[in-house]
Amino acid sequence: MKPFIKIVEKRVEDALKKCGYEDEVTLSVSSRPDLGQFQYNGVMGIAKRLRTNPIEIAKKLVEELNQDEYFTNVNMAGPGFINLSFNNEKLVEYVNLVKDNFDLLVDKKETKNVIVDYGGANAAKALHVGHMRSANIGEALKRLYRLVGHKVIGDVHLGDVGRQAGMVISELKLRHPDWIFFKDNYDGSNPKIDITPADLGEIYPCASNAAKENEERMEEVREITALIDKGYKPYVDLWKQIIEVSSEDIKQVYDILNCDFDLWEGEMDSYKYIDDTIKILNPYLYESEGALVMDVAKEDDKIEIPPLIVIKKDGSTIYATRDLATIYSRMERFSPDEICYVVDNRQGMYFKQVFRSSYKSGLVKESTELNFYGFGTMNGSDGKPFKTRDGGVMELRQLVSMVEDVTYTKLKETIVGDERRELSGKLAIAVLKYADLLPLRNTDYIFDVDKFSSLEGKTGPYILYTAVRINSIFSKLESKKDKYDIKGIYSDEELNIYLKLVELTKTIDAAFNEKTLSYICDYLFNLANLYNKFYSEHNILNEEDENKKETYLALSQLTYSVIEKLLNVLAIDMIDKM
Ligand code: ARG
């Protein structure tokens, strides 16, 4: 069965056909609820194409639709706008089905194989605020793709190659010159080193500061980095151990954010594909100032797209080389229909270059889509990227615990001890994620902990509060049934919730088409508002009419499950009290 909105759109399309016209019908929520619940605005377009009078078409269509049992109160307004309302019985039938099958709200797409590249943490460095949006948006997009029917692999694409490797190893060399990794006669034994994430947290900044102040040290860092790139075994072995330690730590933070990666691969994993990749690119590469580059500009470009550097002048690989080799590997292993990258807008130009060189060289088939889903920055109140009070980079853990301090105070006094800590933790994630996903993907936003953790307005806590409220109705119920049915529509407050559910199909489509979770956040807010309105108008537990009471409970249950499903797409956990 199709979503309700798709069924009724098809019926309008068929009615049009009967009148002798063709159109791909979409219905939208009416801007004049006094005239109808939904409206169809396509008549003017048809009339324009056929150079006829829209009023004539509209009149015929109204007549036709009035005979359809799905619609009531079909009417025409202005130069041919069609307003219509749905038959209550049909609506009730549908929402009863939705109660047991959320998927009836989703217009499923033809299944594609998709890889979502998100997260993008860098090994040996703590996850910081700048990595949060990729994690939140990427995880939610991955879930949204799955919801509409795609097969998705999420890959973290760990940043485990580069200067930080040189930094950490140069520091370890200073501190532990006796380690076998630093001896000329390394025997490949790769003994396990004793190092913790906390050590790394201290070693990296220490090395980085030292290298900044001392050119000789920086030169050593560069040398070590280049040696790892060349595959120098002692350092590669040591570095891989460090990646491991750091990965465990990074995973813990992703876990707190409910991010779950199907693949935990990194730039290092692409090395084995570099030779094959370069073979494919080779016909297009030429030398420029010692480096190997590839032209990717096109004649009709409005802005200049510079050539992509593929191999540096010292012969070493670069971020792009490893992204290209990763694309090669993904094509070979998964033959995806789409690879999408959820990365900061500042890398937009870079990905444009990478994508163009992939298509141009044939690394990727024309039929495989490469998409860049960039995002704006989370800023502080000064409008600049969010920092700690002393102007440093804020670690994600630190941000979460800062928000937890606030959510801790929002809970009921009766919630104490471990439970209070656990719930304030979950609430903090809801605060962060909802606020992060609410703005359109490409826009920047200003972090405001008080606003984001408020129990009112467009916030995670407000949505969760609504769900908790529904929960508490059921906990107060004296006897519980296994199943509650919607028996009829007794008030406008109920009707508005059902119409909202009909609309959800469109909201999910819009979110998916534009790859923004913003619409889902807005929708949740509107649904919660409608429910709370209903709740304040009706005394569910004391309702004497049995049919009404059962309906109210069914409606509450349904609202709860829709909230739960949508929050799950956003990777926000439900809580049962607050
Ligand atoms: N590690 C990178 C960074 O911190 C992000 C990786 C994005 N993904 C990719 N395939 N390049 O900027």
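Below you will find a few notes about this structure. On a predicted model such as this, the values are computed, not experimentally measured, just so you know.

The next thing to look at is the site of the ligand. Around the ligand sit Asp117, Gly120, Asn122, His131, His157, Tyr319, Asp323, Tyr341, Val343, Gln347 and Phe351, and those are all the residues in its vicinity. In the model, an oxygen atom of the ligand is placed 2.8 Å from a nitrogen or oxygen of the Gln347 side chain. Contact with the protein chains hides 85% of the accessible area of the ligand, taken as 350 Å² for the molecule alone. Residues of the shell around the ligand, tallied by class, amount to four nonpolar, five polar and two charged.

Turning to unusual backbone geometry, a few remarks are in order. With phi around 25 degrees, Ser335 is a residue other than glycine that occupies positive phi space. Take Ser335: it is sitting in the loop between helix H11 (319-334) and strand S10 (338-341). The phi dihedral of Ala571 is positive, around 65 degrees, even though this residue is not glycine. As for its placement among the helices and strands, Ala571 is situated in the segment after helix H19 (546-569). For Ala571, a relative accessible area of 1% translates into the label buried.

Turning next to the pattern of salt bridges. On inspection of all chains with the given rule, the structure shows 45 salt bridges. Glu139 is the salt-bridge partner of Lys142, the closest N and O atoms lying 3.3 Å from each other. Here Glu139 and Lys142 lie together in helix H5 (residues 132-147), a separation of three residues that amounts to about one turn. Relative accessible area serves as the criterion here: at 1%, Lys142 is assigned to the buried category. The salt bridge partner of Arg217 is Glu171, with a shortest N-O separation of 2.6 Å. Remark: Glu171 occurs in helix H6 (residues 163-175) and Arg217 occurs in helix H8 (residues 215-230); sequence separation between them is 46 residues. Each member of the pair, Arg217 as well as Glu171, carries the same accessibility label: buried. The network of salt bridges with shared partners includes Lys2, Lys6, Glu9, Asp107, Lys109, Lys506 and Asp509.

About the cut-offs
Residues numbered from 1 in each chain as written. Predicted model: local features only at pLDDT ≥ 70, side-chain atom pairs only at ≥ 80, totals over all residues. Heavy atoms only, no water. Near = heavy atom within 4 Å. Polar contact = N/O pair within 3.5 Å; in protein donor to acceptor, adjacent residues only side chain to side chain. Areas by Shrake-Rupley, 256 points an atom, 1.4 Å probe, with all protein chains shown as cover. Nonpolar A, V, L, I, M, F, W, Y, C, P; charged D, E, K, R; others polar. Helix = DSSP H or I, 4+ residues; strand = E, 2+ residues; numbered from the N terminus. Buried < 20%, exposed > 50% of the residue type's maximum accessible area, 1.4 Å probe, protein only. Salt bridge = Lys/Arg side-chain N within 4 Å of Asp/Glu carboxyl O.

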